[in-house]
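What follows is the residue order along each chain.
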Amino acid sequence: MIEEEKKDVIDVKKLLKSVVKHGASDLHLVSRSQPQIRISGKLKPVNLPVLTGDDIEEMCYSIITEKQKQEFEEHNELDFAIMLPGIGRFRGNYYKTMTDMAAAFRIIPTVIPSLDQLNAPAVYKEIIKREKGVILVTGPTGSGKSTTMAAIINEINLTDNKHILTVEDPVEFVHENKKCLFSHRGVGPDTVSFAAALKYALRQDPDVIVIGEMRTRETIGAGLSAAETGHLVFGTLHTSSAAGTIARILDVFDAGEQPAIRAMIAGSLIAVISQMLLPKLGGGRVATPEILIANNAISSLIREDKVHQIYSQMQLGQGDSGMQTQTQVIVREYEAGRISKEVALQYANKKDEVKKKLGIA
């Protein structure tokens, strides 16, 4: 009897090293497909054999602990972060598709970019000088909000002496203590939940609290309370516009709670940065941040339950405030020759408004 030759399984560490070398942002391993990587927002297959579920399991189990394997086998889901020496840091997600194991890896830069390197708007350096309040960085998956948040926190680290407490699932960017002291807490390894971490956070004497994702009533409520008690709070949400972010937060709460929450937001909100990454002409991507600055007019609209009027106020309240709408940014990037007309319309939240600005019938 002739034994079938055992197929060589791809070394996932070597594959991730190659992904980093090619400047990709993500790696996808899905059965019945070659490995695929995302470069400048587009998926591209890697010139390697088509994978099976068994291949992916062997590859992916090689870099996690027995406890993580057990968690994945119990829940068919696993979120984690891992540092591979000489390669880089990654956020990983293991899941099941058609009963086969699959995986998605996001590359987390080990060198945190500065705001200047990101060509971030100047107002970012101004809003972080506040001692208390809430700053939200929002956008869909893959919009670069984690990188923007890391660069903002890095700016505080370079310029002030504060205790910065982060609560994330999992911990992504790991900051080196420069002027600031960091306490990174991961949901799972370091705390049982966002809500539990935030409940005890005030006893840990933080100046700044970074909440990886504000998606539940308890987490949002705790973040707003922390801001009211004299802390600078940063959080992320999966929303695509500044005004939509306020509406999303309010929708999490019951109707009877909303007046009190509106008052809390009106009193503590500093800014909402809602960004997308658009394909750039010639390669790469460009960030288009919509920026809401909570001036007196914006705060009054929130308090009076007139969230639907916020966008109009953003159009009027530019001046020296640093506010800008997504339409303004998209039109500016198009006129500078950095994005195409097709991209401008494809990604616009308000297509008719962009068409009018660009003179398209």
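Heads up: the structure comes first, above all this text.
Below or above, wherever it landed, is the structure these notes cover. Please read all numbers here as calculations on a predicted model, not as lab measurements.

About the cut-offs
- Residues numbered from 1 in each chain as written.
- Predicted model: local features only at pLDDT ≥ 70, side-chain atom pairs only at ≥ 80, totals over all residues.
- Heavy atoms only, no water.
- Phe/Tyr/Trp six-rings, centres within 6.5 Å; stacked < 30°, edge-to-face > 60°.
- Helix = DSSP H or I, 4+ residues; strand = E, 2+ residues; numbered from the N terminus.
- Buried < 20%, exposed > 50% of the residue type's maximum accessible area, 1.4 Å probe, protein only.
- Lys NZ or Arg CZ within 6 Å of the ring centre and 35° of its normal.
- Salt bridge = Lys/Arg side-chain N within 4 Å of Asp/Glu carboxyl O.
- Patch = residues over 30% accessible without salt bridge, like charges linked within 9 Å, V, L, I, M, F, W, Y side chains within 5 Å.
- Areas by Shrake-Rupley, 256 points an atom, 1.4 Å probe, with all protein chains shown as cover.
- Lys, Arg positive; Asp, Glu negative; His and termini not counted.
- Charge placed at Lys NZ, Arg CZ, Asp CG, Glu CD.
- Pairing = 2+ DSSP bridges.
- Axes fitted to C-alpha atoms, helices over the stretch in contact; angles between N-to-C directions.
- Contact = heavy atoms within 4.5 Å.

What to know about the packing of aromatic side chains
Given two aromatic rings, one states the distance between the centres and the angle between the planes to describe the pair. Here the structure, examined in full by the defined rule, presents three aromatic pairs. With a centroid separation of 5.0 Å and 75° between ring planes, the pair formed by Phe80 and Tyr94 is classed as edge-to-face. Placement of Phe80 in strand S4 (residues 77-84) and of Tyr94 in strand S5 (residues 88-97) is noted, with a sequence separation of 14 residues between them. On the accessibility criterion, Tyr94 (0% relative accessible area) is buried. Joined through ring pairs, the aromatic side chains of Phe72, Phe80, Tyr94 and Phe105 make up one cluster. Lys350 extends its terminal NZ or CZ atom over the ring of Tyr311, reaching a point 4.5 Å from the ring centre.

Topic: the pattern of salt bridges
Under the defined criterion, the tally for this structure stands at 14 salt bridges. In this structure, Asp160 engages Lys162 in a salt bridge whose closest nitrogen and oxygen atoms are separated by 3.6 Å. For Arg262, the salt bridge identified is with Asp305, shortest N-O distance 3.8 Å. Of this pair, Arg262 sits in helix H9 (residues 258-268) while Asp305 is found in the loop between helix H10 (296-303) and helix H11 (310-316), placing the two residues 43 residues apart along the sequence. Where salt bridges share partners, they join Glu131, Asp160 and Lys162 into one cluster.

Quick notes on a negative patch on the surface
On the surface, Asp54, Glu57, Glu71, Glu73, Glu74, Glu77, Asp79 and Asp169 cluster together into a patch of negative charge. At the level of elements, helix H2 (53-61), helix H3 (66-75) and S4 are the ones that each hand at least two residues to the negative patch. Inspection of the secondary structure assignment puts Glu73 in helix H3. Among the residues examined, Glu73 registers a relative accessible area of 52% and is labelled exposed.

Observations regarding the environment of Asp305
On the basis of relative accessible area, Asp305 is assigned to the partly exposed category, the value being 44%. C-alpha separation for the pair Asp305 and Leu250, spaced 55 residues apart in sequence, amounts to 9.9 Å.

Comments concerning the sheet that holds strand S13 (residues 285-293)
Here we have seven strands laid out as an open sheet, ordered S9-S8-S10-S11-S7-S12-S13, and mixed in their pairing. Here the strands that pair on one side only, and so sit at the sheet edges, are strand S9 (181-186) and S13. For this sheet the average axis-to-axis angle between neighbouring strands, irrespective of direction, equals 15°. With six bridges connecting them, strand S8 (residues 163-168) and S9 associate as parallel partners. By the bridge assignment for S9, Leu165 is matched with Ser183. On the sheet, helix H12 (residues 326-335) packs against strand S12 (269-279) and S13 and is oriented at approximately 150° with respect to S13.

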